Amino acid sequence: MDMPAIIQLDTVSKLYGANNAIKQLSFQVRQGELFGIMGMNGAGKSTLLELLSCNLQPDGGVLRLLGHDAVLEADQLKGSMNKIPQGASLVERMTVREALETFQSAYSREHEIDTYLSRFGLLPYSDKLIRGLTGGLKQMTMLAIAIAHEPKLIFLDEPTTGLDAQAKRDYWAILAALRAEGKTIVIASHDMSLMQARCDRILVLRKGRMAACDSPGRLIEGLPGGGLTMEAVYMQYAVGEPGGVGV
Ligand SMILES: Nc1ncnc2c1ncn2[C@@H]1O[C@H](COP(=O)(O)OP(=O)(O)OP(=O)(O)O)[C@@H](O)[C@H]1O
């Protein structure tokens, strides 16, 4: 049986002055999905994540999150979601453990810090300063903090940019584990092969519009001429150059 839709967009639009950054988007995300967003620079990925995390309000259409209107009932959504913005960073002179403790106390909730450290492979680094960590471990620490109050919805804006291939793999493996626990995760990313392997569905944005939205397998199978990879899907839908088919 399909899980309920906990993100529902009906013709949602967002304008920055005259720039229509998000154009009439309609789609749903079900509880427990790992939902990817891909698109070229400026396609609207960050704006969409800002809308979904209630940091921006739509200029048109209806956005419902966890059964609530995201504009009229925003207060009831507080604490149910968390977002890691693009380029987010942590206080460099804190240890990993201190960083988790700080953010957990912000939510006034009791949690076992060691459970989180262990879950994210951070236990061996718990007393290390953030500034001494690799980029991958910094991102992992931010993710551990983001879920420390057990949000139902997690939004991630290109969290693996600049990480090496192994760190990207480790990060996506943790996302898959969170998904298996029932978390709903929406992630904007350029990690094509990992999105193909890990995402339930992928929305391809092009100039603020939905160019495609489906499971990785169906996106690839549906390519005219039969592409084989997510790069080909990206070229077809995000860039609009079918020459990418078969890349
Ligand atoms: N705060 C803002 N004020 C005005 N225009 C903005 C603002 N933020 C984004 N835009 C514009 O909205 C459009 C979508 O930008 P957005 O950052 O959402 O795209 P993106 O897909 O996340 O890009 P990137 O991959 O570069 O992060 C672009 O034309 C961008 O210039």
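Please read these numbers as outputs of a predicted model, since none were measured by experiment.

Draft legend 1. Quick look at the overall build of the chain. Across its full length, the chain carries eight helices and ten strands. Expected size for 247 residues packed as a compact globule is a radius of gyration near 18 Å; at 18 Å, the chain falls within 12% of this value. Considered along the principal axes of its C-alpha atoms, the chain spans approximately 50 × 45 × 40 Å. In the chain, which comprises 247 residues, the proportion classed as buried is 37%.

Draft legend 2. View of the site of the ligand. For the ligand, the full set of nearby residues is Tyr 16, Asn 19, Ala 21, Gly 39, Asn 41, Gly 42, Ala 43, Gly 44, Lys 45, Ser 46, Thr 47 and Gln 86. Mapped by element, the contributors of at least two residues to the shell around the ligand are β2 (19-30) and α1 (45-52). When residues in the shell around the ligand are grouped by element, the largest group, three residues, is from α1. Looking at the shell around the ligand, its residues break down into three nonpolar, eight polar and one charged.

Draft legend 3. Spotlight on the pairing of strand β4 (residues 60-65). With five bridges connecting them, strand β1 (residues 5-16) and β4 associate as antiparallel partners. When the sheet's bridge partners are listed, Ser 13 is paired in β4 with Gly 60. As judged from the two bridges shared by β4 and strand β5 (residues 68-69), these two strands associate in the antiparallel manner. Bridging from a neighbouring strand, Arg 64 pairs with Asp 69 of β5.

Draft legend 4. Layout of the sheet that holds β4. The strand order across the open sheet formed by four strands is β2-β1-β4-β5, and the pairing between neighbours is antiparallel. This sheet does not close on itself; its edge strands, each paired only once, are β2 and β5.

Draft legend 5. Representation of the sheet that holds strand β7 (residues 153-157) within the structure. Here six strands make up an open sheet; going across it, the order is β6-β7-β8-β3-β9-β10 and the pairing mixed. Looking at which strands have only one partner, the edges of the open sheet turn out to be β6 (81-84) and β10 (209-214). Averaged over all neighbouring strand pairs, the angle between strand axes comes to 15°, with direction disregarded. Its contacts with the sheet put α1 on β3 (34-39), β6, β7, β8 (184-188) and β9 (201-206), and the angle it makes with β8 is roughly 155°.

Draft legend 6. Just the nonpolar core, in detail. Within the largest apolar cluster, 66 residues are counted, with the highest numbers of intra-cluster contacts made by Ala 144 and Val 186. Among the elements that make up this core, the one with the highest residue count is helix α8 (residues 230-239) (seven residues). Here Val 186 is in contact with Val 29, Phe 35, Ile 37, Leu 49, Leu 52 and Phe 155, once residues within four sequence places are set aside.

Draft legend 7. Focus on the pairing of β6. Burial of β6 is two-sided: the residues Met 81 and Lys 83 facing one way and the residues Asn 82 and Ile 84 facing the other way are all buried. Direction of pairing for β6 relative to β7: parallel, over a ladder of four bridges. Note on β7: the bridge partner recorded for Met 81 is Leu 153.

Draft legend 8. Spotlight on unusual backbone geometry. Although it is not a glycine, Gln 24 sits at a positive phi angle of roughly 50°. Following the sequence through the fold, Gln 24 ends up in strand β2.

Draft legend 9. Main features of α1. Of all eight residues in α1, seven are buried; the element is thus mostly enclosed. Of the residues making up α1, those classed as buried are Lys 45, Thr 47, Leu 48, Leu 49, Glu 50, Leu 51 and Leu 52.

Draft legend 10. Up close: the confidence of the model for the chain. Of all residues in the chain, 94% have pLDDT values of 70 or greater, and the mean over the chain is 91. Here the complex is predicted with pTM 0.93, and the ipTM for its interfaces comes to 0.98.

Reading the values: rules and limits
- Residues numbered from 1 in each chain as written.
- Predicted model: local features only at pLDDT ≥ 70, side-chain atom pairs only at ≥ 80, totals over all residues.
- Helix = DSSP H or I, 4+ residues; strand = E, 2+ residues; numbered from the N terminus.
- Rg over C-alpha atoms; globule rule 2.2 N^0.38 Å.
- Buried ≥ 20, exposed ≤ 12 C-beta atoms within 10 Å, placed from the backbone.
- Near = placed C-beta within 6 Å.
- Nonpolar A, V, L, I, M, F, W, Y, C, P; charged D, E, K, R; others polar.
- Pairing = 2+ DSSP bridges.
- Axes fitted to C-alpha atoms, helices over the stretch in contact; angles between N-to-C directions.
- Contact = placed C-beta atoms within 7 Å.
- Core = buried A, V, L, I, M, F, W, Y, C linked by C-beta atoms within 7 Å.
- pLDDT = per-residue confidence, 0-100.

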